[in-house]
Amino acid sequence: MSHRRKILITSALPYANGPIHLGHLVEYIQTDIWARFQKMRGNECYYVCADDAHGTPIMLRAQAEGITPEELIARVSEEHQADFAGFNIQFDHYHSTNSPENKHFASYIYNQLNDKGHISRKTIKQFYDPEKEMFLPDRFIKGTCPKCKAEDQYGDNCEACGATYSPTELIDPKSAVSGATPVEKETDHLFFELSHFEKNAQRLDAPRSPANPNRQQVGRMV
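None of the values given here were measured: they were computed from a predicted structure.

(A) Structural context of the overall build of the protein chain. Along the protein chain, the regular secondary structure elements total five helices and nine strands. The secondary structure elements of the protein chain, listed N-terminal to C-terminal, are β-α-β-α-α-β-α-β-β-β-β-β-β-α. Residues classed as buried in the protein chain amount to 29% of the 222 residues present. In the protein chain, the proportion of contacts linking residues at least 24 apart, taken out of those at least 6 apart, comes to 64%. For the protein chain, the exposed area adds up to about 14300 Å²; of that, 53% sits on carbon and sulfur atoms. In the protein chain, 25 positive and 30 negative side-chain charges are present, and the distance between their average locations comes to 10 Å.

And the structure:
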């Protein structure tokens, strides 16, 4: 090859609250094949991935099993990696979003963006479970669809009619965690100001040309 490419690849991170299923494996197998192909061509190629170890479902699953979230994360990680090894999927590096390294770099990136004014803080209203004393993600609220009146629908969309809506539009909303009626409470959320990087994103998505020969393609297998 006249030009040795440097390629970094990842796949959708498997969630650390349950086993790998065949739908997941299709993506990892396809990506592993492509990574091996690039290495055989002489390119410097790295295939990395990790368990997604954060979120309400992990916390609730750990509570239901009577263990800590960290214990659940560790057990599921072993199960995931055993499944990947069983299908001969070879990552150059496999880790966890709960790792010290990820915490360090996530904090570093956030602080850099915040210091330069690319993070904004806004107060929003969100449903809160008064029994569990926790804010509820949309998928942890159920009620009657405000469009078609189908019962037992999620807080963000109706699986019966396909409508999307905000949780506050649900009729007779209930917490999927405790069954309690949630209340609206104000909470501060942080937002990344993506519009500040519009020109950078447009350059990344621009076609390769003599004027831009070194453009790096993002999110495409080529």
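(B) View of the environment of Ala150. Note that Ala150 resides in the loop between strand E6 (141-144) and strand E7 (153-154). Along the chain, Ala150 and Ala160 lie 10 residues apart, while their C-alpha atoms are 6.6 Å from each other. Ignoring any residue separated from it by four or fewer positions in sequence, one finds Ala150 in contact with Gly143, Thr144, Cys145, Cys158 and Ala160.

(C) Here's a closer look at the sheet that holds strand E2 (residues 44-51). Pairing is parallel in the open sheet, where three strands are placed in the order E1-E2-E3. For this open sheet the edge positions go to strand E1 (6-9) and strand E3 (93-96), each flanked by a neighbour on one side alone. Strand-to-strand, the axes of this sheet are offset by a mean angle of 20 degrees, without reference to chain direction. As paired strands, E1 and E2 are joined by four bridges and run parallel to one another. Bridge pairing links Lys6 to Glu44 in E2. Relative to E3, helix H3 (residues 69-86) is tilted by about 160 degrees, and along the sheet it contacts E2 and E3.

(D) View of the sheet that holds strand E4 (residues 119-129). Here three strands make up an open sheet; going across it, the order is E5-E4-E9 and the pairing antiparallel. Every interior strand has two partners, whereas the edge strands, strand E5 (134-135) and strand E9 (183-192), have only one. As defined by bridge partners, E4 adjoins E5 across two bridges and the pair is classed as antiparallel. Residue pairing across strands places Tyr128 opposite Phe135, the latter belonging to E5.

(E) Region of interest: the packing of aromatic side chains. Within this structure, the stated rule accounts for eight aromatic pairs. Ring geometry for Tyr28 versus Phe84: centroids 4.8 Å apart, planes at 75 degrees, classification edge-to-face. Of this pair, Tyr28 sits in helix H1 (residues 22-40) while Phe84 sits in helix H3, placing them 56 residues apart in sequence. Residue Tyr28 is classed as buried on the basis of its relative accessible area, which comes to 1%. Put simply, the rings of Tyr28, Tyr47, Phe84, Phe91 and Tyr94 pair up and form one aromatic cluster.

Analysis parameters
Residues numbered from 1 in each chain as written. Predicted model: local features only at pLDDT ≥ 70, side-chain atom pairs only at ≥ 80, totals over all residues. Heavy atoms only, no water. Helix = DSSP H or I, 4+ residues; strand = E, 2+ residues; numbered from the N terminus. Buried < 20%, exposed > 50% of the residue type's maximum accessible area, 1.4 Å probe, protein only. Contact = heavy atoms within 4.5 Å. Areas by Shrake-Rupley, 256 points an atom, 1.4 Å probe, with all protein chains shown as cover. Lys, Arg positive; Asp, Glu negative; His and termini not counted. Charge placed at Lys NZ, Arg CZ, Asp CG, Glu CD. Pairing = 2+ DSSP bridges. Axes fitted to C-alpha atoms, helices over the stretch in contact; angles between N-to-C directions. Phe/Tyr/Trp six-rings, centres within 6.5 Å; stacked < 30°, edge-to-face > 60°.

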